[in-house]
Amino acid sequence: MSYEQDEEDQYAPNFSVGSFPKEFGYGAFDGDGEGPSGPLSGEQKPRILLMGLRRSGKSSIQKVVFHKMSPNETLFLESTNKIIKDDISNSSFVQFQIWDFPGQIDFFDPTFDSDMIFGGCGALVFVIDAQDEYNDALNRLHQTVTKAYKVNPSIRFEVFIHKVDGLSDDYKMETQRDIHQRANDDLADSGLDQIHLSFHLTSIYDHSIFEAFSKVVQKLIPQLPTLENLLNILISNSAIEKAFLFDVVSKIYIATDFSPVDMQSYELCCDMIDVVIDVSCIYGLHEDTGAAAFDSQSSSLIKLTNGTILYLREVTKFLALVCILREASFDRQGVIDYNFLCFREAIQQVFELRSKNQVAYNSSSQANSSAVGESGPNTSSGASGASNGLLSNTAPLDNSPNNTSESLKQSNTVLYPVQDSAVAM
Ligand SMILES: Nc1nc2c(ncn2[C@@H]2O[C@H](COP(=O)(O)OP(=O)(O)OP(=O)(O)O)[C@@H](O)[C@H]2O)c(=O)[nH]1
């Protein structure tokens, strides 16, 4: 991700990202030619809009999740007074822009181009400060959602009930129930009950904000069912209890298997990524280039005293598989390692297919635009083409389970069940 310092950026130009090494930041992507100059570039990228009242915590969320700012540092963030566009280009799957809006934005201002802003938007995240009185926030939510829905009915609406770190568990649930009820009642009163709002309890002081953002991003990944399917096949054959496919830099998980996510497992896996990155930076520097190592050889195994094993393997330059399993299931590590290689190959096939589709789409759209004239993403029709998510401008993949196993077959990869390991070995 390159943090746009365009025009007079109000934040300090090189703000601290803690001990997070630069080479693990979102630099220009050079992995498979899909960087800012690659197939999805600039305005073409689907957007996630961050909206909400002043001081609700929008900029803090963006800084903590995507720029490794420590939560305490957000105390010193200044108020946003113009739209800040942030380009997320860290992996082949996670490519989008986040637009952070000033709290005081006025929809009725003639300079507010709602067609352009909501048109190319994949998701709208509305942040409500749960520590504050939220009547105004609910009014603003209603106003925002109805306006955005009129322009682009396919936007996904995500409501972050934010700053819940200061609330007791009972009060948290009560607040969520109240906000949920009132927001939906308001929509029903306006005859818009077809609009679906998703609610998340979040705080920058724990992993809830990463978890919530994971869910927002996942909904924008057209290949999600394929990825989930591959993870399901992997865990059921390898006696793994839980598996996450992580975007290493942001610690967002872009897919997980079918079993429910519990916060503790997620936190454990996030902590493991931190450990691996820290150790890689301290001991894994390449002597000649000085670059820290997170490469195809990166892997880690942590045995906890309660008989649980954490297993991490690099999948692509930016993605890692992190699994939780019982120690007893790890007796046959060779089978799990082998199954992982099959899994990685299948994921790479998904990537390749996606890249081909993007290139094909880009060349055909270039041909069209030179024939019909320029219809850039700023027009509402051009923008709504990308409205459904990250890759809505590519031909959809066949995400059916058959296609997944088909792709595994084609790559000549067969996962071996752990219990039949004698066959595999
Ligand atoms: N307790 C708590 N405070 C938070 C949390 N998130 C943000 N804050 C604080 O809320 C204050 C406002 O945060 P900002 O990120 O500047 O809010 P904003 O919505 O971007 O504000 P504007 O730019 O004015 O629209 C800061 O002091 C943050 O430290 C949270 O999860 N918990």
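Position numbers for residues count from 1 along each chain, tracking the sequence in the order it is written. Two thresholds apply to this predicted model, a pLDDT of at least 70 for residue-level local features and 80 or more for giving and counting side-chain atom pairs, whereas whole-chain, interface and lining totals are computed over all residues. By convention in this description, side-chain values take in all heavy atoms of the structure and omit both hydrogens and water.

Under an unreviewed UniProt entry, the name given to the protein chain is Ras-related GTP-binding protein C, and the organism recorded is Megalurothrips usitatus.

Undergrad: Would you mind showing me how to read the packing of aromatic side chains here?
TA: Working definition: an aromatic ring pair is given by the centre-to-centre distance plus the angle between the planes. Two aromatic rings, drawn from Phe, Tyr or Trp (for Trp, its six-membered ring), form a pair once their centres lie within 6.5 Å of each other, and the interplanar angle then sorts them: stacked below 30 degrees, edge-to-face above 60, tilted otherwise. Under the definition given, this model contains 10 aromatic pairs. Centroid distance Phe340 to Phe343: 6.4 Å. Interplanar angle 40°. Geometry classified as tilted. Remark: Phe343 and Phe340 occur in helix α8 (residues 333-372); sequence separation between them is 3 residues, near one turn of the helix. A relative accessible area of 1% means that Phe340 is categorised as buried. Owing to a relative accessible area of 2%, Phe343 belongs among the buried residues under this scheme. Chaining the aromatic ring pairs together yields one cluster made of Phe244, Phe246, Tyr253 and Tyr266. By definition, being over a ring means that NZ of Lys or CZ of Arg is both within 6 Å of the ring centre and within 35 degrees of the ring normal. Note that Lys85 overlies the ring of Trp99, its terminal NZ or CZ placed 4.6 Å from the centroid. Secondary structure is summarised from DSSP: a helix means a run of H or I of at least four residues, a strand means a run of E of at least two, and numbering begins at the N terminus for each. The buried label goes to any residue with under 20% of its type's maximum accessible area, the exposed label to any with over 50%, and the partly exposed label to all in between, with areas taken from a 1.4 Å probe on protein chains only.

Undergrad: Looking at this model, I keep getting lost on the sheet that holds strand β10 (residues 308-314). Mind explaining?
TA: Sheet strands pair by backbone hydrogen bonding; their relative direction is either parallel or antiparallel. Whether two strands pair depends on DSSP finding at least two bridges between them. Overall, antiparallel pairing links the 5 strands, which are arranged β8-β7-β11-β10-β9 in an open sheet. The open sheet is flanked by β8 (252-256) and β9 (299-303), the only strands paired with a single partner. Recorded for the sheet is a direction-independent mean angle of 20° between the axes of neighbouring strands. Note on method: axes are straight lines fitted to C-alpha atoms, helices fitted across the in-contact stretch only, with angles between N-to-C directions ranging 0 to 180 degrees.

Undergrad: I keep staring at the environment of Ile273 and nothing clicks. Help me out?
TA: Turning to its location among the elements, Ile273 is positioned in helix α7 (residues 263-283). Ile273 gets classed as buried once you look at its relative accessible area, which sits at 2%. Separated by 12 residues in sequence, Ile273 and Val261 have C-alpha atoms that sit 17 Å apart. Each residue touching Ile273, except ones within four places of it in the same chain, is listed here: Phe246, Val248, Lys251, Leu312 and Val322. Should any heavy atoms of two residues lie within 4.5 Å, those residues are considered in contact.

Undergrad: What is the right way to look at the site of the ligand in this model?
TA: When we say a residue is near a molecule or strand, we mean one of its heavy atoms is within 4 Å of it. Looking at the ligand, there are 20 residues lining it, with Ser59, Ser60, Ser79, Thr80 and Asp165 nearest. Any pair of nitrogen or oxygen atoms within 3.5 Å is treated as a polar contact; in protein, a donor-acceptor pairing is required on top of that, and neighbouring residues in sequence qualify only through side-chain atoms on both sides. A distance of 3.0 Å separates an oxygen atom of the ligand from a polar atom in the backbone of Gly57. In this structure, an oxygen atom belonging to the ligand sits 2.4 Å away from a side-chain N or O atom of Ser79. All accessible areas in this document rest on Shrake-Rupley with a 1.4 Å probe, and a residue is counted as covered only by the protein chains that are shown. Taken by itself the ligand offers 660 Å² of open surface, and the protein chains cover 93% of this. Considering each element in turn, the shell around the ligand owes the most residues, 3 residues, to helix α1 (residues 58-67).

Undergrad: What am I meant to see in the sheet that holds strand β2 (residues 84-88) here?
TA: The strand order across the open sheet built from 6 strands is β2-β3-β1-β4-β5-β6, with neighbouring strands paired in mixed fashion. Only two strands of the sheet have a single partner each, and these edge strands are β2 and β6 (197-201). Looking at each pair of strands side by side, their axes are set apart by 20° on average, direction ignored. Of the strand pairs in this sheet, strand β5 (residues 156-162) and β6 are connected by 5 bridges, and their pairing is parallel. In the strand pairing of β6, Phe157 is matched with Leu197. Its contacts with the sheet put α1 on β1 (47-52), β2, β3 (96-100), β4 (121-129) and β5, and the angle it makes with β3 is roughly 150°. Contacts from helix α5 (residues 208-218) reach β1, β3, β4, β5 and β6, with the element oriented near 175° to β5.

Undergrad: Explain the nonpolar core here, please?
TA: Looking at soluble globular proteins, one finds that nonpolar side chains tend to be buried together. Only buried Ala, Val, Leu, Ile, Met, Phe, Trp, Tyr and Cys residues count toward a nonpolar core, and they belong to the same one when joined by side-chain atoms within 4.5 Å. Counting residues in each nonpolar core, the largest one holds 65 residues, and the members touching the most others are Ile48, Phe213, Leu245, Phe246, Leu321 and Phe343. Each residue touching Leu245, except ones within four places of it in the same chain, is listed here: Leu227, Leu231, Ile252, Tyr253, Ile254, Ala255, Val315, Leu319, Ala320, Leu321, Phe343 and Ile347. With 35 residues, the next largest nonpolar core counts Ile105, Ala130, Ile161 and Leu167 among its residues.

Undergrad: It is not clear to me how the pairing of β8 should be interpreted in this structure. Could you clarify?
TA: Each regular strand shows side chains that alternate between the opposite faces of the sheet. β8 sits mainly inside the fold: 5 of its 5 residues count as buried. Where strand β7 (residues 242-247) meets β8, 4 bridges bridge the pair, whose relative direction is antiparallel. What sits directly across from Phe244, in β8, is Thr256. Linkage of β7 to β8, two consecutive antiparallel strands, is achieved through a turn of 4 residues, within which Lys251 is found at a positive phi near 65°.

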